[in-house]
Amino acid sequence: MLKQRKKISLDCFGAKRLSDLLALPGIALVLLFGYLWQWSGEGRFIIGIAAGTALLLAGLIVGWLGIVCPRCGAPLYQFPRLPRHIPQHCPRCGEEVTKEIHE
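To keep things clear, this report deals only with the structure shown in the data block. The model shown is predicted, which means the values in this text are computed figures rather than measured ones.

Focus on a nonpolar patch on the surface
Then, number 1: A grouping of Leu 10, Leu 18 and Leu 21 is seen on the molecular surface, where their side chains present a nonpolar patch of about 290 Å² in accessible area.
Then, number 2: Considering the arrangement of structural elements, one finds Leu 10 in the segment before helix 1 (12-40).

So this is what it looks like as structure tokens:
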């Protein structure tokens, strides 16, 4: 039989990390391929720009949906700007935002 894996939920810290891992390379790809496209004028670089834009949007969506207070569900950022770091306390409920280990 197949071994069942335990599903790990993504907390606000993991969502922040995943958001950064998607968005930052996306920005780099858009800038790099945009520069190459402008420099050479070849249309094939549009594929790289589209891939970078997709990564950037995926990172933003993960951040917008995942960086929320674990207690009340309020966003821990000012829309549309995502935070550089997770605040220590929720701006809505005032509870401390801590990294809880699920075992």
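Still more ground to cover, so stick around.
Section: the environment of Leu 29
Then, number 1: Its place among the elements puts Leu 29 in helix 1.
Then, number 2: Distance in space between the C-alpha atoms of Leu 29 and Ala 51 is 7.6 Å, their sequence separation being 22 residues.
Then, number 3: With residues up to four places along the chain from it excluded, the contact list for Leu 29 reads Gly 34, Gly 48, Gly 52 and Leu 55.

Observations concerning helix 2 (residues 45-66)
Then, number 1: Taking 1.5 Å of rise per residue, the 22 residues of helix 2 would be expected to cover 32 Å, and the 32 Å separating its terminal C-alpha atoms lies within 8% of that figure.
Then, number 2: Listing the buried residues of helix 2 in full gives Phe 45, Gly 48, Ile 49, Gly 52, Gly 59, Gly 63 and Gly 66. Down the axis of helix 2, the sector holding all buried residues measures 155 degrees, keeping them to one side. Exposed residues on helix 2 whose side chains face more than 90 degrees from its buried face are Ile 47 and Leu 65.
Then, number 3: Looking at the buried positions of helix 2, the neighbouring elements they touch are helix 1.

Description of the side chain of Lys 16
Then, number 1: Take Lys 16: it is sitting in helix 1.
Then, number 2: At a separation of 3.4 Å, a polar atom in the side chain of Lys 16 contacts the main-chain carbonyl oxygen of Arg 84.
Then, number 3: Beyond its immediate sequence surroundings of up to four residues, Lys 16 is in contact with Ile 67, Pro 83, Arg 84, His 85 and Ile 86.

Rules used throughout
Residues numbered from 1 in each chain as written. Predicted model: local features only at pLDDT ≥ 70, side-chain atom pairs only at ≥ 80, totals over all residues. Heavy atoms only, no water. Patch = residues over 30% accessible without salt bridge, like charges linked within 9 Å, V, L, I, M, F, W, Y side chains within 5 Å. Areas by Shrake-Rupley, 256 points an atom, 1.4 Å probe, with all protein chains shown as cover. Salt bridge = Lys/Arg side-chain N within 4 Å of Asp/Glu carboxyl O. Helix = DSSP H or I, 4+ residues; strand = E, 2+ residues; numbered from the N terminus. Contact = heavy atoms within 4.5 Å. Expected span 1.5 Å × (residues − 1). Buried < 20%, exposed > 50% of the residue type's maximum accessible area, 1.4 Å probe, protein only. Arc of directions from axis to C-beta. Polar contact = N/O pair within 3.5 Å; in protein donor to acceptor, adjacent residues only side chain to side chain.

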